[in-house]
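Chain residues, written in single-letter form:
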Amino acid sequence: MTLDDFIERIQRLRIRTKIRILIILLLVSFNLVMIPQLFFNNNFLAPHDVDRKANGNTLICAVSLNEMFAHPPRVRNQVPMPINSANNRIIEIDENGRITWEISGLAMPHEVEELPNGNLLVADTTFDRVIEINYNTKEIIWSWEPSKINWTEVNEEWDENHYYNNPKTYDWTHINDVDFKQYGEWNACLVSLRNFDLVVELNYSAESINANNASNIVWWYGDYENATLLSRQHNPDYLENGNVIIADSENDRIVEVNYSNKEKVWESVIELRWPRDADELDNGNLLITDSYNNRILEINRTTQEIVWMFERDLMIPYESDQLENGNYLISTEYMGKVIEVNQEGFIVWSYGFPVFKLLFYFNSFVLIGIAGIEIFYKTQNLSEPKLSKKKIALNFVALGVSIFMIVLFLIVIFHFNGLLQSFLQFIYPSIKGSVF
Ligand SMILES: [Ca+2]
Ligand SMILES: [Ca+2]
Ligand SMILES: [Ca+2]
Ligand SMILES: [Ca+2]
């Protein structure tokens, strides 16, 4: 068939068929452009920790969405992370979203903490280390590496065959958090090793050349696969009262552990699914990121009543912080955005691009369009006087299907977050304990 034949054939088509073809071409080409972006464009983020700096800029552990998709097969096949992957960065952005500072060459960075001297302490998750980065030179000036530690010296029950003493190629520790504390005479940091089910406190000093001495581990809580203590935790924090609060993620709870005797002194009773962050607020409340319920909660610690909640535009949110102005800074993770939300629940600032949501919305709108066109033409057909009974019946079936499609996709559009939440709650039991 020549091009002329093809054009002639197209011209002979009825107008309704041309419109259908046009819409389907639009749908297919949009998806052909957008879906590869998800997998190959490192500009779409699944942000982990986000912090607002004193100068008003925002630090973001900017892991690309495609790196998040690459993570499970890497774990399964033990494929190491490339040394200089642009998919794994920490960026600092100003309020207009301009990048003012960045560092790459990390491996799924989970947590960044600005130190009093301006340097950054980073949980460099899948390189299995915590590092201090000189902010000006971007050099790594301190690192703590669990693979260099003889864990039997920390606890004699952890012998040479123990998981802790046998590093794997990829995602051995899943170090996902570091929190800094000045005790006066000495500095400490609290480190979460998710795959160890363990939180350790280090005697931390940037000058130390022996960071990896077992004796630098001055406190620890948890034990490998002992879920009565912790199960794949996130974001341990020092509390004002000296205790430690931990998002005990796969136990679906928040726990407060007494620092002196390691007794559990408080735990959440409200229904949480995979909580990954619990911050103590100035008013004594807790700000909880309830990841698989797609919501951020502020609860009264004593009554456990929910006093504030936000649940729009989140997709497995990672963490949230309360800012000095009272607003909340939220890492929406798979929604691809960092957002600042005020007390009334309005988004007052955001960074990033909600690529998943756009895909859902665009496809839903286009499919509603197609269904609308079908309804228009089928009702026109029904007014033809010589229609056979079979044709009439078929037209009614097509009308029914089109109306059903419109209702279905309108529900998708208006209840995107609710549907997402129901879906995640439904699949949560099956993915609990997976590589995510
Ligand atoms: Ca934060
Ligand atoms: Ca932080
Ligand atoms: Ca943290
Ligand atoms: Ca937080």
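All figures in this text were calculated on a predicted structure; none of them were measured in a lab. (Residues numbered from 1 in each chain as written. Chains lettered and ligands numbered in written order. Predicted model: local features only at pLDDT ≥ 70, side-chain atom pairs only at ≥ 80, totals over all residues. Heavy atoms only, no water.)

1. Let's talk about the packing of aromatic side chains
Next, step 1: For the structure shown, the criterion picks out 28 aromatic pairs.
Next, step 2: On the numbers, 5.8 Å between centres and 80° between planes, the contact of Tyr-163 with Phe-196 is edge-to-face. Highlighted residues: Tyr-163 in the loop between β8 (140-144) and β9 (175-182) and Phe-196 in the loop between β10 (187-193) and β11 (198-204), separated in sequence by 33 residues.
Next, step 3: Note on Phe-196: relative accessible area 0%, which makes it buried. (Phe/Tyr/Trp six-rings, centres within 6.5 Å; stacked < 30°, edge-to-face > 60°. Helix = DSSP H or I, 4+ residues; strand = E, 2+ residues; numbered from the N terminus. Buried < 20%, exposed > 50% of the residue type's maximum accessible area, 1.4 Å probe, protein only.)

2. A few points about the coordination of the calcium ion (ligand 1)
Next, step 1: At 2.3 to 2.9 Å from the calcium ion (ligand 1) lie its protein donor atoms, namely Asp-49 (OD), Val-50 (O), Asp-51 (OD), Glu-319 (OE), Glu-319 (OE), Asp-321 (OD) and Asp-321 (OD).
Next, step 2: A separation of 3.9 Å is found between the calcium ion (ligand 1) and the calcium ion (ligand 2), which are bridged by Asp-49. Of the two residues, Val-50 is situated in strand β1 (residues 50-52) and Glu-319 in strand β21 (residues 319-322); the sequence distance between them amounts to 269 residues. As far as burial versus exposure is concerned, Val-50 and Glu-319 are alike and both buried. (Donors = N, O, S within 2.8 Å, 3.2 Å for Na, K, Ca; no water.)

3. Structural notes on the coordination of the calcium ion (ligand 2)
By definition of the ideal shapes, four donors in a tetrahedron about a metal sit 109.5 degrees apart, and six donors in an octahedron sit 90 or 180 degrees apart.
Next, step 1: Protein-derived ligands of the calcium ion (ligand 2) are Asp-49 (OD), Asp-51 (OD), Asp-51 (OD), Glu-111 (OE), Val-112 (O) and Glu-113 (OE), with the metal-ligand distances lying across 2.3 to 2.8 Å.
Next, step 2: Given six donor atoms and angles of 50 to 158° at the metal, the environment of the calcium ion (ligand 2) is assigned as irregular. (Tetrahedral: all angles 85-135°; square planar, octahedral: opposite > 155°, others 65-115°.)

4. What to know about the sheet that holds strand β6 (residues 120-124)
Next, step 1: The antiparallel open sheet is built from four strands, whose spatial order is β5-β6-β7-β8. Among the strands making up the open sheet, the edge pair consists of β5 (109-114) and β8. With strand direction ignored, the average angle separating the axes of adjacent strands in the sheet is 20°.
Next, step 2: Bridge count for β5 against β6 is five bridges, and the pairing is antiparallel. The partner of Glu-113 across the bridge, within β6, is Leu-121. (Pairing = 2+ DSSP bridges. Axes fitted to C-alpha atoms, helices over the stretch in contact; angles between N-to-C directions.)

5. Digging into the nonpolar core
Next, step 1: By size, the foremost hydrophobic cluster in this structure holds 27 residues, and its most contacted members are Leu-121, Trp-142, Trp-144, Trp-151, Val-191 and Val-200.
Next, step 2: Taken together, the elements giving at least two residues each to this core come down to β6, β8, β9, β10 and β11.
Next, step 3: Broken down by element, the residue count for this core peaks at four residues, all from β11.
Next, step 4: The residues contacting Val-200, other than those within four sequence positions of it, are Trp-144, Trp-151, Cys-189, Leu-190, Val-191, Leu-193, Ile-217, Trp-219 and Trp-220.
Next, step 5: Counting residues in each nonpolar core, the second largest holds 26 residues, with Val-355, Leu-420, Leu-424 and Tyr-428 among its members. (Core = buried A, V, L, I, M, F, W, Y, C linked by side-chain atoms within 4.5 Å. Contact = heavy atoms within 4.5 Å.)

6. A short note on helix α5 (residues 389-414)
Next, step 1: An ideal rise of 1.5 Å per residue puts 38 Å on 26 residues; α5 measures up with 38 Å between its terminal C-alpha atoms.
Next, step 2: Burial in α5 covers these residues: Asn-395, Leu-399, Ser-402, Ile-406, Phe-409, Val-412 and Ile-413.
Next, step 3: Contact partners of the buried residues in α5: α4 (355-382) and α6 (416-431). (Expected span 1.5 Å × (residues − 1).)

7. Comments concerning the pairing of strand β16 (residues 264-267)
Next, step 1: Pairing of strand β15 (residues 253-257) with β16, which is carried by three bridges, proceeds in the antiparallel orientation. Looking at β16, one finds that Val-255 is bridged to Glu-267.
Next, step 2: Counted along the chain from β15 to the antiparallel partner β16, the turn is six residues long, and its residue Lys-262 has a positive phi close to 60°.

8. Concerning the domain arrangement of the chain
Next, step 1: Along its sequence, the chain is carved into domain 1 (14-37 + 358-431) and domain 2 (45-352).
Next, step 2: Taken residue by residue, the interface counts nine residues in domain 1 and 15 residues in domain 2.
Next, step 3: Taken together, the two surfaces of domain 1 and domain 2 that pack against each other cover about 1,000 Å², and 53% of this comes from carbon and sulfur.
Next, step 4: The largest contributions to the domain 1 side of the interface with domain 2 come from Gln-421, Leu-424 and Tyr-428, which together make up 51% of the buried area.
Next, step 5: Counting every contact that joins domain 1 to domain 2 gives zero salt bridges.
Next, step 6: In the side of domain 1 that touches domain 2, the residues fall into six nonpolar, three polar and no charged. (Domains from an automatic or database assignment. Buried area = accessible area lost by both parts, 1.4 Å probe. Salt bridge = Lys/Arg side-chain N within 4 Å of Asp/Glu carboxyl O. Nonpolar A, V, L, I, M, F, W, Y, C, P; charged D, E, K, R; others polar.)

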